[in-house]
Structures are given as structure tokens and as C-alpha cells.
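So you can see what is in the structure, the chains are spelled out below.
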Amino acid sequence: MSTASVEPDKAEKPKKKMTNRKFLGIWVPILAVVLVLLVVANIAIEIFKPWIGSQLGQGEYTVENSAASESWDTEYYKSDYEDIDQLDAAAGELISNIAAEGVVLAKNESAALPLPAGAKVTMLGRAAADPVYGGQGSGSVDITNAVDARSGLENAGLQINEQVYDAIASFAEETPRGNIVMDKPNDSTYNIGEMPASDYAALSNTFADYGDAALVFIGRGGGEGGDLTQTMEGWDDNYVEGQHQLQLNKDELDLINLASSNFDRVIVLINASTTMELGAIQDNPEVDSVLLIGSPGLTGFNGVGQVVAGQVNPSGRTVDIWASDFSKDPTWANFGDFIYENVDVSYPMSTLESTASNADITSDAPFVNYAEGIYIGYRYYETADAEGFIKYDDAVVYPFGYGLSYTDFEWSLAGSSLESGIDGTISVDVEVKNNGTVPGKDVVEVYYTAPYTRGGIEKPEVVLAAFAKTGEIAPGESETVTLKFAVEDMASYDYKGEGAYVLEKGDYRISVRSDSHTEVLEPLTYVVDETKVYSTDARTTDEVVATNQFDSVSAMFADTPTEGKILNFSRADFAGTFPQAPTPDLYQATPEIAEGFTAYDFKAAADAYEGEMPATGQASELTLVEMRGLDWDDPKWDEIISKLTVPEMTTVILNGAYQTGGIPSIAKPLTMEVDGPAGFSSFINSSINGPAYPSEVLIAQTWNLELGEQMGLMLGNESLLKGVNGWYAPAANLHRSPFGGRNFEYYSEDPLLSGDMMTAVSNGAAQRGLYTAFKHFVANEQETNRVNNGVATWVNEQALREVYLKPFEIAVKGVHMPVTYISDDQGNLAETEVGATFVMSSFNRVGTTWTGGDPALMRGVLRDEWGFRGFAITDFNLYPYMNPNQGINAGSDLMLTFAPSKSLDDTSSALAVTDIQNSTKAILYTVANSNAMNDMAPGATVTYHAPAWVYIQWAVTGLLGVAWVAGVVWVIVRVKRHSKAAA
């Protein structure tokens, strides 16, 4: 037997084994990195949990009532509709009715409108096939199922030239028009995008078959984050010197001429929620009729069609004065982009604030001067006419409050009551008779003219004091309406002298008008024998006397040309004080102005505070539902607030984007707030998005407060079906300039009409427990530079109080929410009511103080003077100048942001804890008295259940953790085994 041998060079070489040092050098770093990533990822998830939850789900708060309360009625607010489908149908009908009643018949020569039944018409203009339904940004609406302009006309029985319509639709699909890009002004465009008249040449052979009328649609949009442009240079191929976006461009003028040349009847429909220069249309004898149709929303074009076809008699009225030349308006020169040249702004930024989404954050200090003072809109044009400064018919195309009808009304004075004394009420009864042949509604307006002393307190020639809309009056029938207002409403604010409201002695002219310019009946006279200064005794509607709160802002104004001062625009010398663009000295900030742009000093504020540290985390059995119906000053509020810990409260305060957070320890559920001036619009949950209502401009054009209340009530019903508790609307900033990008979501240039309509809508919503946010508080009338560290808005206190604060004041004092609550341990019900409970501040500053951090505004005026009880939320708080500690100290209670984009610099000082508790009380008071308490009885508990993604996070973390531990064990075993083998 032989033994095989292997040659040495072919023998298998022994494998070189990895040493422990090398092995550990590979695996220890890997395991360390995995561990760090696992820990960091979970920490990051916890930090960003609120934001992640907004995208993937917040989880659920389960309410469980006690057995003793099972039979109690806890449905405090009940929906009028069984389901969403039923509500949507009713909302669609309401939207159509609002649009029909809001359409303004501005011109109607030779009774060109209404069109005969079954008329065959040709629609012209881009907006015929690509209409403006609403606005952009938070005002965006879902138009997927919207009734378009063509369908609205067809639904009214009209026949449409299909070939022309299809050509316009194809052109619109291929040709962009202006688009406001929210918070990215450099990406916005301003093209009109109208189809050239020459493109209709090949279609002219169809005109005769659809020649009963040409319906020319002219459209203009608007959007959050940017204003319309005052110059079309670079945006219009046919640009002419001075051309702006609200003029008709060459293509539109050519289109009017095309219609006039080919049709005997030409109707122009203005599809815009801002005024335009329409002198070229109004004065054109070839244009028979003009309709101002606003932005009609989901089904509003049905209402427009009904007006065109005569199925509804138009009764809308203008909500702004329509001037002939915007460049001659006193706001023209002081609207837009103005930056201080000597201020370099710097704020500490959080991680989120410095992300790419906020790349436009700059070190600029912008400003805007409201140099026109109280003289905006009709207040200027009517006064300038009275002073002989303008020729009214040349300067104005349509007055404020103007509108025509298909019938004729006759007014007569049916009675009046001029109660003596400064606390009296003025009442005027007007009989309205329909002398025409078709039924219709009419609007009666009452204005006052206060005695004016040249060089004294500034006063407009006329101010709207009251208005009323009739019901539908049949031919030959009549209706009497009563218009009332308080004598003290005619007081003027004297910020220079008395620092208070003043009702000066003299004769006050009370005139019944069809618009701001046209008196219909002989005026009445109300005599004030002695001047009343409201400096000791407050006006009857105020909690405390209204006195100067904004002296540092008013100090920027002067009555004569002064270096570094804004010249007051005065009725005493319109020519010599007419507002001009800022002079070079006004671009140089004073040290005081520069100081106003510095970061909030929370340490100094805390050090200056002399109050005691409040108690937190105290024992109590109280839950939030037990606070329902209690007075603001009830001692139980102190008890439930002191029960909460600082982390419980700050978690809510700092995570207020579209919600208020749940607090299980007091059985506070998570609430849902949604955006949208035209109805519910949710950036987070599209299933919440509801029917798109007309723009606020079109709603206001109805001059019908009952319709406004019906809209609010419909939204209140929708909130109950969708689990919505709060609504970021309505908005009542004013149309200071027609170029304001968000004019579509503001009612009017007039504070009374704006305030009354906001009150009506909010009262309707309140009937179903939906709290509404009056926004944007205050003086937020332009979008340019809106988040560029906050625009320093310089407005004297008279204008601020009489004009810009007034609509908010009306709503705060006029909104009432019914509150049904369980009053004893037997489940018996009682009723009370609360006032307005929700306000949203704005991005801008009053002077140099951010509105949300302005104690004079948020506490002095809102809470102390007006008696507001509820919570204030900031506008979207993603910007570093909007400091949360400053906010809660001033009276802004909730930050509209996702944690952790904002944090409180101080949560431990006595001042900070006091502010945190005050803000929490305001939030809880609102929630307790809302529909968020539906189905909750005293003694209820709230349990939080994490969303599915959290369980996935835990599972993945657990699996990775087990794998990591297994890896560590494997490494240890491997090292030990290798060491033993080596030994």
C-alpha cells in the first residue's frame, strides 16, 4: 500500500485569520453608528412629532363618559343635515343664491339686460372659458366640480356659440396668465393672457347664428403672498407708459371693439374681486351693459346666468368706489416695496426657520406709510368733491354702494326718531315701493356728515352709518325698512388733542342715499348742543375708555413738511398735503425705528416683572367640560389652570397649526381648525375641503346680512359633520388699494359694511358652536414684504381706530355664541352665551411692533377696551421676528406653527409661567364653549391613542434594537472564541 504525496508548491496554504483588533476595528464603528442613528432618529421623531403627525396622523383622543351620564343629552350643537351629501346640495344652492344677489348691474343702456329666454349668445374673452372662481393661497378653492361660466348660462336656458368657446378654451390651456406665487414674489407673473382679437377672425362666420348678444368676460385674479402690479412693463407686449394690471390692455380693448363691430348687444362681465379702471367701457356707447360678478365660487355661475337671463333681478351694490384713474388715488404712491436703507435686521433662527422653505428670509426692514390717513375710498372722493378738489364725474366711474335694477323703486320717508342726548339713537324708516314690472330687492343706505372745522379733527364728507336690504318686493307693493345707529357712532377720534373719541357740537346731516354720492330723500339734521369728550366716561359699547395707545406710531406724522416725518393728508389743504412717495429722509430709520426691529429681550422682560411665581401641577379633579358655561372670572378657572404643568401648556401653545392640542389630564380633546375665506380648506387633510363659497367681495356685494348669516350657519353645520371646531376666517382687512393681492378675501373698503358682514357670518357659524378667527388683526392691507421681517406700518391713530380697527371692533362686540351646558349632577341643561372668542393677528407691524407682540393692540385695545374673551392666534409663525415669548406676553396665545419650528426662550421665570397660564386659559375658555365639547359630560375622561405610524416606529425601533443587541453579542462571542483559539 502506497501513500500519495503532495508537492510542496501545490499544497493548500493555511487561511490567514482576522485578528481581533482588525475585527473590532470594523464592527465596533458599525455598531456605534447604528446605535447613534437609532437614538438620533428617535429623538428627531419626538422633536418633529407634531409636524410628522400633521402629515401622517395625530392619533385619536377617545372620550368616555361616566355610566351616570349615559342618558344625558350632550349633543350641545346639532346639525340640520343628515350627511355631507345633503349639506353639499344645500350649500350649492346657497352659493348660487349669494352670487345671484351679489351681482352688480353697473350699466344697462336701453334695457339690454335681461336677455330674452333661449337667447343665442357668443361668449368672448379668456375668462369665458377660464374664469376666476376665487383666490390663491389660503383662499384657494377646489374647482374640480365647479359650475363654469358656460354651464351657468346654459343652465339659465341660453344657447352658447360652441365653436368660439372651444377656441377660447384651447387658447387658455396653452397660454398662461398672471399667477401669484405665495411668499415667492420673484416667481409671480402678471400676464393678462387675453386671446388676441385677430384669433377670432376665422370664427366670425359663427357670430350671426349666435348674435343675440356678445358676452365679453374680463378676468383678474389675486393671491396670498403677492400684490397686483402697478406696472405692466415687461409683462405686456403692447405695454404703454404707465400701464398697470388693473387697466384694460390692448387685447381687451380690441376685444370690446370686436364685439361692438359684430353684435348689436354687448354685455361686459367683470370677473374680478378688485376694482378696475372701467371708464373705457362705461363711456363706450357701444357697450350696453356691465355686470360686476366677482369670483363666484362653486356654483355661483348659476346665479350669474340667472341674472343675465332675467330669472333673478340684480340687487348687488358696489363695495368699493370704482375710480377712473388709480394713479391719482391718494394711496397710489405709498403702496408696495419700501425698505429702510440703514437698518440691518438679525434674529436668532431655529433649524426650521433656516431651511430652504424660508430661503427668502432677509435682513431687510420694510415699511409702508398710510399717508392718506382716514381718506381712503369713498371717504376721499366724496370729500375731495365737496372741497372742489376733483370733478367727481371725471374721477369716479361707479360710486360706493352703487347698483342698478331691472325694476324701478321709489323711496319715501315713513318716519324718523332723533333721540336727544349723546347716548341717543338715530332711527330712520324708509318705505320702498316697486313701481316697475318685475319683482326685486333694493338697498337703502344712510350716511352722516359731521360738522367740520377747517384745521380741526379730520372728517370725511360722508360716512356710511347704516344700511338695510329689503325682501323681494312685487310690482306695486312696498316694504318699510328701519335703519338705526347710535349717536356716539358719529364721534371722531382726536389723537392729537384729547386722545379720545370726541362728538363735536354742531349739526349732523343724516342723508338717505342710493350710493355714497346720490341723495334720494331730504336730509335730516341731528343737533349736538355741547361737545362730548369720551375721556372719562367710555362709549356705551366699551369696557373701559378708549384712549391713545399708539402715540409712538402717530409721532411719525406731522401737519407741516418736517424732516423724517410723514405729512398728514388734510382736508384743509388737499393740494398741499396730497400723499407723495417717501422722500429720501423717510428711507433713513431713526434710532427708535431701528430699535423696534431688534429681537425681543425676554430676559429684560422677566427681570422687570414683579409678580409671584404661579402654582402649577396642583391636584384637582376638574375637567374641561365642567368649565363650559362658566364666567371668565369664575375661580374654577384658576383651579383648572394651576392643575396643568408647564410642559402640558407649552406643548399646546407651540403647536397650534390648524389645531389646539389635547390634554388628557383635564380631558381636553384635540381640536381641528381649518383655513379658507371661501369655505373650509385644509392643507393637511383634503377630505375636510368643502364647497367653495364666493369671494368675500361678492358676498359683501349682496349687502344682505341674512345671507351672510346663512353662509356662516351652513359652515357651522359642515363643521359638525366633519369634526371641525374653528375656522381661520372671516377676514376684514380693508381694500386700501385695488392692487392688494388678497382683496378677494376682504369684504370692502368700508369698515361698517366689512364689520357687519363679518359679524353676520360669524354669528351664523356660532349657532353651531364653530368659533371663527377675525383676521388679520390689523392694518394688513398689502402682501408685498409681508414676511420680510414684518412691514412697519405707519398709520396715525385716528385712521387706525376709525378705519382699520373698526370692522374688528364691530365683530368683537357683535358676535354671540349660544352655550348649552349641563348645570347639575342630574344632567339638567342650562343656557348662556359667550362673545367672540377667536382672533388672528397679522404678519405686519403697527409702527415697528409686530402685531402679535403688541400689548397696546392685543391687550389694551382688544381685551381691555373691547372686552374680548378668548384666544388670539398668530399668523403662520415660521419667521424669526415672531417671538413666542413676546407673543404670549402681549396677548397672542397660540402659535400657528408646527413644533419644533418655534420654542419659548423662557419657560421658568414668573413672567413666563404667568403668560403661559394666561394663554392657556384663553385657549381653554374658547374650546370649552364650542362644539368641541359635543358628546362630553362632566366626569368624562379622554384617552390618547397613538397613530399607526407611531406603532410602526416602535416596532422598527424594537427590531433594530434587538438586531443591534444581537450584533453586540455576536461580536463579543466572536472575539472571545477567537481569543481562546489563539491561546
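Because the structure is predicted, anything quoted here is derived from the model rather than measured. (Residues numbered from 1 in each chain as written. Predicted model: local features only at pLDDT ≥ 70, side-chain atom pairs only at ≥ 80, totals over all residues. Heavy atoms only, no water.)

Asker: When you look at the sheet that holds strand 7 (residues 289-292) in this model, what are you seeing that I'm missing?
Answerer: Strand pairing in a sheet is mediated by backbone hydrogen bonds. Such pairs are either parallel or antiparallel. With respect to topology, 6 strands assemble into an open sheet ordered 2-7-6-5-3-4, the strand pairing being mixed. Sheet topology places strand 2 (104-108) and strand 4 (159-160) at the edges, where each strand pairs with a single neighbour. Together, strand 5 (213-220), strand 6 (266-272) and strand 7 form the strand contacts of helix 9 (residues 300-308), whose direction differs from that of strand 6 by roughly 155°. (Pairing = 2+ DSSP bridges. Helix = DSSP H or I, 4+ residues; strand = E, 2+ residues; numbered from the N terminus. Contact = heavy atoms within 4.5 Å. Axes fitted to C-alpha atoms, helices over the stretch in contact; angles between N-to-C directions.)

Asker: What is the right way to read the pairing of strand 6 from this model?
Answerer: Taken across its 7 residues, strand 6 has 7 buried, putting it largely inside the fold. Of the two faces of strand 6, both are covered, the one formed by Val-266, Val-268, Ile-270 and Ala-272 as well as the one formed by Ile-267, Leu-269 and Asn-271. In this structure, strand 5 lies alongside strand 6, joined through 7 bridges in parallel fashion. When the bridges of strand 6 are listed, Ala-214 appears paired with Val-266. With helix 7 (residues 250-262) bridging strand 5 and the parallel strand 6, this β-α-β connection has right-handed handedness. Here 4 bridges tie strand 6 to strand 7, and the two strands are oriented parallel to one another. By the bridge assignment, Val-268 is partnered in strand 7 with Val-290. (Buried < 20%, exposed > 50% of the residue type's maximum accessible area, 1.4 Å probe, protein only. Right-handed = clockwise from strand over helix to strand, strands pointing away.)

Asker: Where do I start with the nonpolar core in this structure?
Answerer: Note that soluble globular proteins tend to have their nonpolar side chains buried in a common cluster. Counting 211 residues, the largest nonpolar core has Phe-217 and Ile-270 as the members making the most contacts within it. With residues up to four places along the chain from it excluded, the contact list for Phe-217 reads Met-123, Leu-124, Gly-125, Arg-126, Ala-127, Ala-128, Ala-149, Leu-153, Glu-194, Leu-269, Ile-293 and Phe-301. (Core = buried A, V, L, I, M, F, W, Y, C linked by side-chain atoms within 4.5 Å.)

Asker: Where do I start with the packing of helix 17 (residues 646-653) against helix 25 (residues 910-928) in this structure?
Answerer: Packed helices, taken two at a time, are described by their axes: the angle between them and the distance between them. Where helix 17 contacts helix 25, the axes come no closer than 10 Å and their chain directions differ by 60°. As the angle between them shows, helix 17 and helix 25 are arranged oblique. Between helix 17 and helix 25 the crossing geometry is left-handed. Where helix 17 abuts helix 25, its residues Val-646, Met-649, Thr-650, Val-652 and Ile-653 lie against Val-913, Ile-916, Gln-917, Ser-919, Thr-920 and Ile-923. (Parallel < 35°, antiparallel > 145°, perpendicular 65-115°, else oblique. Left-handed = near helix turned anticlockwise from the far one by under 90°.)

Asker: What exactly am I supposed to notice about the side chain of Thr-206 here?
Answerer: Within the secondary structure, Thr-206 is located in the loop between helix 6 (162-174) and strand 5. For Thr-206, a relative accessible area of 5% gives the class buried. Filtering out sequence-adjacent residues up to four positions away, Thr-206 remains in contact with Asn-161, Gln-163 and Val-164.

Asker: In this structure, what is going on with the environment of Arg-126? I would like to understand it.
Answerer: With respect to the helices, strands and loops of the structure, Arg-126 is situated in helix 4 (residues 126-129). Taking relative accessible area as the criterion, Arg-126 reaches 4% and is therefore assigned buried. Along the backbone, Arg-126 and Ala-799 are 673 residues apart, and their C-alpha atoms lie at a distance of 40 Å. Leaving out residues up to four positions away in the same chain, Arg-126 has contacts with Ile-168, Phe-171, Ala-172, Thr-175, Pro-176, Arg-177, Ile-192, Gly-193, Glu-194 and Phe-217. For Arg-126, the side chain forms a polar contact with the main-chain oxygen of Gly-193, separated by 2.8 Å. (Polar contact = N/O pair within 3.5 Å; in protein donor to acceptor, adjacent residues only side chain to side chain.)

Asker: Any chance you could explain the pattern of salt bridges here in plain terms?
Answerer: Should the charged atoms of two oppositely charged side chains come close, the side chains can pair. In total, this model carries 36 salt bridges according to the counting rule given. Measuring nitrogen to oxygen at the nearest pair gives 3.4 Å for the salt bridge that ties Glu-224 to Arg-742. Placement of Glu-224 in the loop between strand 5 and helix 7 and of Arg-742 in the loop between strand 25 (726-727) and helix 20 (751-766) is noted, with a sequence separation of 518 residues between them. Of the two residues, Glu-224 and Arg-742, neither departs from the other in class, the shared state being buried. Between Glu-745 and Arg-742 there is a salt bridge; the shortest N-O distance is 2.9 Å. Accessibility classification places Glu-745 together with Arg-742 in one group, the buried group. Here the salt bridges share partners, and the residues they tie into one network are Glu-224, Arg-742, Glu-745, Glu-783 and Arg-786. (Salt bridge = Lys/Arg side-chain N within 4 Å of Asp/Glu carboxyl O.)

Asker: What's the story with the environment of Asp-88 in this structure? I'm lost.
Answerer: Mapped onto the elements, Asp-88 comes out in helix 3 (residues 84-102). Considering only alpha carbons, one finds Asp-88 and Ile-192, 104 residues apart in sequence, at a separation of 34 Å.

Asker: Got a minute to help me understand the confidence of the model for the chain in this structure?
Answerer: Low-pLDDT portions of the prediction should not be read for the details of their coordinates. Residues at a pLDDT of 70 or more form 95% of the chain, whose mean pLDDT is 93. Below a pLDDT of 50 lies the segment residues 1-6, which in the model reaches 1 contact outside its immediate sequence neighbourhood of four places, other chains included. (pLDDT = per-residue confidence, 0-100.)

Asker: Explain a negative patch on the surface to me, please; I cannot follow it from the model alone.
Answerer: Taken together, Glu-82, Asp-83, Asp-85 and Asp-88 make up a surface patch of like negative charges. Looking at where Asp-85 falls in the secondary structure, it is placed in helix 3. Judged by its relative accessible area of 61%, Asp-85 is exposed. (Patch = residues over 30% accessible without salt bridge, like charges linked within 9 Å, V, L, I, M, F, W, Y side chains within 5 Å. Areas by Shrake-Rupley, 256 points an atom, 1.4 Å probe, with all protein chains shown as cover. Lys, Arg positive; Asp, Glu negative; His and termini not counted. Charge placed at Lys NZ, Arg CZ, Asp CG, Glu CD.)

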